[in-house]
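If you want the building blocks of each chain, they are given just below.
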Amino acid sequence: MQGSCCCGAVKFELTSPPSMMGTCHCSRCRKVGAGALVFVKKDDIKWISGRDDIQTYVPSPPYKYARCFCKVCGTSLGEILSDEESFPINAHVLDEDPGVRNHFHEFVAEKPAWYDICDDAKQFEGHPVQS
């Protein structure tokens, strides 16, 4: 499964499909353009080109999750350079169907009033909790 940024500078391949998809409604994810997220394993990302064209935004505390962007076109890439074993990337950078569907909505308390959630995925006021 291939992925890329808008201008094509950043290209990668996933050797295994994402494990899950979720939608974040927090103001930070909405502003960086990465609300629909798929979760991938670090070892499943194989770089084709453009790894050096990725810029990382490191937020001020209390926020801790760095966000990555193509420094050429600005496409939001999620946490694609994370050192964690599994992490979210922007679902929209995948060039084909990821094979998973939305499993949850997080930070629905921050969802804008004009946005209606139109699926039956679980909803959480903050980060998901196991039930």
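Just so it is clear, the model here is predicted, and its values are computed rather than measured.

Engineer: Where do I start with the pattern of salt bridges in this structure?
Structural biologist: A side chain of one charge can pair with a side chain of the opposite charge if their charged atoms are brought near each other. Counted under the stated rule, the structure contains 2 salt bridges. Residue Arg67 is joined to Glu79 by a salt bridge in which the shortest nitrogen-to-oxygen separation is 2.8 Å. Here Glu79 lies in the loop between strand S8 (76–78) and strand S9 (86–90) and Arg67 lies in strand S7 (residues 67–70), a separation of 12 residues in the sequence. Residue class for Arg67 comes out buried when judged on its relative accessible area of 9%. The buried category is assigned to Glu79, whose relative accessible area is 12%.

Engineer: How should I be thinking about the sheet that holds strand S5 (residues 45–49) in this particular structure?
Structural biologist: By definition, the strands of a sheet pair up through backbone hydrogen bonds, in either a parallel or an antiparallel sense. The sheet built from 3 strands is open, its strands ordered S1-S2-S5 with antiparallel pairing. Taken across any chain shown, the strands that pair with only one partner, and hence form the sheet edges, are strand S1 (2–4) and S5. Taking each pair of neighbouring strands and ignoring which way they run, the sheet shows an average axis angle of 30°. Of the strand pairs in this sheet, S1 and strand S2 (residues 11–14) are connected by 3 bridges, and their pairing is antiparallel. Each residue of the ladder has a partner; that of Ser4, found in S2, is Lys11.

Thresholds applied
Residues numbered from 1 in each chain as written. Predicted model: local features only at pLDDT ≥ 70, side-chain atom pairs only at ≥ 80, totals over all residues. Heavy atoms only, no water. Salt bridge = Lys/Arg side-chain N within 4 Å of Asp/Glu carboxyl O. Helix = DSSP H or I, 4+ residues; strand = E, 2+ residues; numbered from the N terminus. Buried < 20%, exposed > 50% of the residue type's maximum accessible area, 1.4 Å probe, protein only. Pairing = 2+ DSSP bridges. Axes fitted to C-alpha atoms, helices over the stretch in contact; angles between N-to-C directions.

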